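Analysis of the macromolecular model
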Amino acid sequence: MGNSFGKLFKITTFGESHGKALGAIVEGCPAGLVLDEEKIRLEMQRRKPGQSKITTQRKEEDEIEILSGVFEGKTTGTPIGIVIQNSDQKSKDYSHIADKFRPSHADYTYFEKYGIRDYRGGGRSSARETAARVAGGAVAKQFLEAKGISVQAFVSQVGDLTLEKSYTELNLDLAEENIVRCPDPEMAEQMISLIDVVRLERDTIGGVVTCVIKNTPPGLGEPVFDRLHAELGKAMLSINAVKGFEYGSGFEGVKMRGSQHNDTFVKEGGQVHTLTNHSGGIQGGISNGEDIYFRVAFKPVATIMQDQESLNEAGETVTVSGKGRHDPCVVPRAVPIVEAMAALVIADYLLIAKTNKLAEI
């Protein structure tokens with residue numbers, strides 16, 4: 001039913017925006033991992049609503065409760081169950097669209113698929129579901145940290161404001177120093193101002209999140225259909241509001257010639273490296289040991305605080321009026337979601353790699 005992701009390191013999420021709770025079941029996490037609950041809570045705080053003036057004002061503490069799979073601070077190898085209670089639902093904010101379809105929202109497609117829909121905040125289609133992903137991804141991040149692998153994302157574009165600097169020129173830790181999560185302070189201020197203008201105009205705006213994965217060993221990924229970048233693309237495109245994914249040189253690479261784009265191999269300190277990294281750390285669908293980097297495009301949020309023409313379930317023309325609490329721009333809160341999904345992919349492929357060579361088994 002599309003509620004699970006991964007093969008060996010696997011996550012299944014459940015819950016709706018206005019239900020009693022959301023949660024994640026993480027399977028395949030090896031036993032013996034020291035699991036720091038405070039680190040999971042920190043990731044939840046980075047994603048939770050109500051963080052600042054440029055995010056939705058819904059107030060959720062997003063406190064986690066680990067139900068299983070952990071004993072005396074270590075993973076046991078059995079399924080890790082995590083629950084996040086909902087506490088600040090305002091379902092009455094959605095009663096006016098009980099039979100109306102919001103433009104560009106999942107209202108219509110969910111209704112056509114199931115013949116019934118939870119109109120309260122979008123139910124399962126709500127971005128609230130990503131809270132469970134961040135909880136499960138936080139487990140994966142700690143698994144990767146134990147292997148020396150880091151996953152860091154940041155906002156690189158809001159509307160037409162684009163951070164032109166390469167991630168190699170930036171201190172990515174600075175992304176957490178401002179509410180828009182852009183590591184360039186000057187650009188961050190411009191982005192915040194733009195989002196605030198859009199918010200006051202009762203509208204929404206899109207943006208781009210860039211993610212960098214460092215210290216990934218070479219050899220992760222499967223030939224043909226399960227290429228590493230294909231799985232990363234699937235992971236990112238499964239996130240609400242995502243409209244595009246590109247890795248390495250991406251679409252800009254088409255402007256280059258092969259002689260410019262090819263990454264030359266060299267050996268330094270007994271290790272194979274490339275002089276450039278247009279490949280984005282992946283060649284032939286398999287990691288080559290260089291930084292893996294990619295960009296994820298998010299559309300403007302569909303629910304806007306303006307009147308829009310639409311249809312109801314009877315096919316009649318109606319006016320949809322936006323109400324409730326919604327993000328004017330999703331990208332600041334999307335940063336930990338992108339990191340979580342990227343961590344789940346890499347954790348999964350690390351385990352799969354153990355089955356690729358007889359010496360590894």
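A brief report on the enclosed structure follows. (Residues numbered from 1 in each chain as written. Predicted model: local features only at pLDDT ≥ 70, side-chain atom pairs only at ≥ 80, totals over all residues. Heavy atoms only, no water.)

Thoughts on the overall build of the chain
Basically, it comes down to this: Starting at the N terminus, helices and strands are each numbered in turn, a helix being any DSSP run of H or I of at least four residues and a strand any DSSP run of E of at least two. For the radius of gyration, the atom set is restricted to C-alpha positions; the globular benchmark scales as 2.2 Å times the number of residues to the power 0.38. Buried residues are those whose accessible area, probed at 1.4 Å on protein chains only, stays under 20% of the maximum for their type, while exposed residues exceed 50% and partly exposed ones sit between those limits. Throughout, a residue-residue contact means that at least one pair of heavy atoms, one from each residue, lies within 4.5 Å.
Along its length, the chain carries seven helices and 18 strands. Against the compact-globule benchmark of 21 Å for 361 residues, the chain has a radius of gyration of 21 Å, which places it among compact chains. With respect to the principal axes defined by its C-alpha atoms, the chain has extents near 65 × 50 × 40 Å. Sorting the 361 residues of the chain into buried and exposed places 50% on the buried side. Long-range pairs, those at least 24 residues apart, make up 70% of the contacts in the chain between residues at least 6 apart in sequence.

Side note on the nonpolar core
So the rule is basically this: Residues grouped as a nonpolar core are buried Ala, Val, Leu, Ile, Met, Phe, Trp, Tyr and Cys residues, joined through side-chain atoms within 4.5 Å.
F9, M236, F294, F298 and V338 are the most contacted members of the largest nonpolar core, which has 84 residues in total. With 17 residues, the single largest contributor to this core is helix α7 (residues 331-353). When residues no more than four places from it in sequence are discounted, the contact partners of M236 are V242, F245, F294, V296, V338, M341 and A342.

Focus: the sheet that holds strand β1 (residues 4-5)
Here is the rule: Pairing between strands is defined by DSSP: at least two bridges between the two strands are required. Lines are fitted to the C-alpha atoms to define the axes, a helix being fitted only along its stretch in contact, and any angle between axes, read from their N-to-C directions, falls within 0 to 180 degrees.
Pairing is antiparallel across the open sheet formed by five strands, whose spatial order is β1-β2-β3-β7-β4. At either margin of the open sheet sits one strand with a lone partner, and together these are β1 and β4 (64-68). One ladder, built from two bridges, connects β1 with strand β2 (residues 10-15); its direction is antiparallel. The residue bridging F5 from the neighbouring strand is I11, located in β2. Here helix α1 (residues 37-47) sits on the sheet and contacts β4 and β7 (80-85); the angle it forms with β4, its principal contact strand, is near 135°.

Remarks on the pairing of strand β8 (residues 150-158)
Successive side chains on a regular strand alternate, one facing one side of the sheet and the next facing the other. A large share of β8 lies buried, amounting to seven of its nine residues. Across eight bridges, β8 lies against strand β10 (residues 207-214) in antiparallel orientation. When the sheet's bridge partners are listed, V151 is paired in β10 with I213. Strand direction decides the pairing type here: β8 and strand β9 (residues 161-162), joined by two bridges, are antiparallel. Residue Q157 lies in a different strand from β9, and its bridge partner there is T162.

Describing a nonpolar patch on the surface
The criterion, for reference: Each patch is built from residues lacking any salt bridge and having more than 30% relative accessible area; the joining distance is 9 Å for like charges and 5 Å for nonpolar side chains (Val, Leu, Ile, Met, Phe, Trp, Tyr). Computed with a 1.4 Å probe, the accessible areas rest on the Shrake-Rupley method; for each residue, only the protein chains presented here act as cover. When a carboxyl oxygen of Asp or Glu lies within 4 Å of a side-chain nitrogen of Lys or Arg, that pair is called a salt bridge.
There is a patch of nonpolar side chains on the surface, built from M1, Y114 and I116 and spanning about 420 Å² of accessible area. Mapped onto the fold, I116 is located in the loop between α2 (107-114) and α3 (130-145). The class for I116 is exposed, based on a relative accessible area of 61%.

Quick word on the pattern of salt bridges
Applying the stated criterion to the full structure yields 24 salt bridges. In this structure, D226 engages K7 in a salt bridge whose closest nitrogen and oxygen atoms are separated by 3.9 Å. Within this pair, whereas D226 is found in the loop between β10 and α5 (228-237), its partner K7 is found in the loop between β1 and β2, the two being separated by 219 residues in sequence. Judged by relative accessible area, D226 falls into the partly exposed class, the value being 27%. Judged by its relative accessible area of 43%, K7 is partly exposed.

Description of the state of the cysteines
The condition is simple: Only a pair of cysteine sulfur atoms within 2.5 Å counts as a disulfide in this structure description.
Scanning the model with the defined rule gives zero disulfides in all. Free of any disulfide, C29 has its nearest neighbouring cysteine sulfur in C211, separated by 19 Å. Exposure remark for C29: the relative accessible area of 3% places this residue in the buried category. For the unlinked cysteine C182, the closest cysteine sulfur is that of C329, found at 12 Å.

Topic: the packing of aromatic side chains
Geometry of an aromatic ring pair is reported as the spacing of the ring centres plus the angle between the planes. Worth spelling out the cut-off: Two rings belonging to Phe, Tyr or Trp (six-membered ring only in the last case) form a pair when the distance between their centres is within 6.5 Å. Interplanar angles under 30 degrees mark stacking, angles over 60 mark edge-to-face geometry, and anything in between is tilted.
Within the structure shown, the criterion is met by six aromatic pairs. With 5.9 Å between their ring centres and 55° between their planes, Y110 and Y114 make a pair best called tilted. One end of the pair is Y110 and the other is Y114, both in helix α2 and four residues apart, which spans about a single turn. By relative accessible area, Y110 is classed as partly exposed at 28%. Judged by relative accessible area, which is 43%, Y114 ranks as partly exposed. Consider the rings of Y167 and Y293, whose centres lie 5.4 Å apart with planes at 45°: the pair is tilted. On the criterion of sequence distance, the pair formed by Y167 in the loop between β9 and α4 (185-200) and Y293 in strand β16 (residues 292-298) is long-range, its members being 126 residues apart. For Y167, a relative accessible area of 12% corresponds to the buried category. Through a chain of ring-to-ring contacts, three or more aromatic side chains come together here, namely F101, Y108 and F111.

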